[in-house]
Amino acid sequence: MNQLLRVNALVLAMTFSSWAAEPSADVREAVLNAENNWKSAVLHGNRSALDRLLSPDLSYTHSSSKTQTKEQFIQDATGGATTYKSIEFDNTKLRQYGTVVVITHSAVIKTVQTGTSHLYLTEVWARQGNGWQMVSRQATKLP
């Protein structure tokens, strides 16, 4: 929970220190590419790709309110605890705050274990090292 609070505090601090901006075409492409690589890694259980794409201090909250660390999420996504069948996004919006991009969208995620879930997702991606990494993700069930 402390990780989630730290990430949310970071986003709030950046909100007050700079206005949200539409990402440049290059940033938009890079972040959406990172997200697509994440999606592919989850669907194929690719541990090494997930390790590159997820920040060491990741806070990953599912619609069930279960919150995981990077290693916990990777273990579930690659070890069979959660088998993803498909992930589809709609109504995607990006806002940039310095070196952080917040993505929001609707999603339909299908897993073997839970079936079809209709969700609203908020993802926080930060430019770290040589690329973009997911630092926070939170899902809310849609009615």
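Quick look at the structure, then. (Residues numbered from 1 in each chain as written. Predicted model: local features only at pLDDT ≥ 70, side-chain atom pairs only at ≥ 80, totals over all residues. Heavy atoms only, no water.)

## So, the overall build of the protein chain
Then step 1. Along its length, the protein chain carries 4 helices and 6 strands.
Then step 2. Reading the protein chain from its N end, one meets helices and strands in the order α-α-α-β-β-α-β-β-β-β.
Then step 3. Counting the 143 residues in the protein chain, one finds 41% classified as buried.
Then step 4. Of the roughly 7,700 Å² of accessible surface on the protein chain, a fraction of 52% belongs to carbon and sulfur atoms. (Helix = DSSP H or I, 4+ residues; strand = E, 2+ residues; numbered from the N terminus. Buried < 20%, exposed > 50% of the residue type's maximum accessible area, 1.4 Å probe, protein only. Areas by Shrake-Rupley, 256 points an atom, 1.4 Å probe, with all protein chains shown as cover.)

## Considering the pairing of strand β3 (residues 84–97)
Then step 1. Of the pairings in the sheet, the one linking β3 to strand β4 (residues 100–111) comprises 11 bridges and is antiparallel in character. By the bridge assignment for β4, Phe89 is matched with Ala107.
Then step 2. The turn linking β3 back onto β4 is made up of 2 residues, and Gly98 within it adopts a positive phi angle of 65 degrees. (Pairing = 2+ DSSP bridges.)

## Focus on the pairing of β4
Then step 1. Buried residues dominate β4, accounting for 9 of its 12 residues.
Then step 2. Both β4 and strand β5 (residues 115–128) contribute to a ladder of 12 bridges, which runs antiparallel. Note that in β5 the partner of Ile109 across the bridge is Ser117.
Then step 3. Joining the antiparallel neighbours β4 and β5 is a turn of 3 residues.

## Here we look at unusual backbone geometry
Then step 1. The backbone of Ser65 sits at a positive phi, close to 85 degrees, despite the residue not being glycine.
Then step 2. Among the structural elements, Ser65 can be located in the loop between β1 (54–61) and β2 (67–68).
Then step 3. You can call Ser65 exposed: its relative accessible area is 57%.
Then step 4. Positive phi values are uncommon outside glycine, yet Asn91 reaches one of about 55 degrees.
Then step 5. Mapping Asn91 onto the fold places it in strand β3.
Then step 6. In this structure Asn91 comes out as exposed when scored by relative accessible area, which is 51%.

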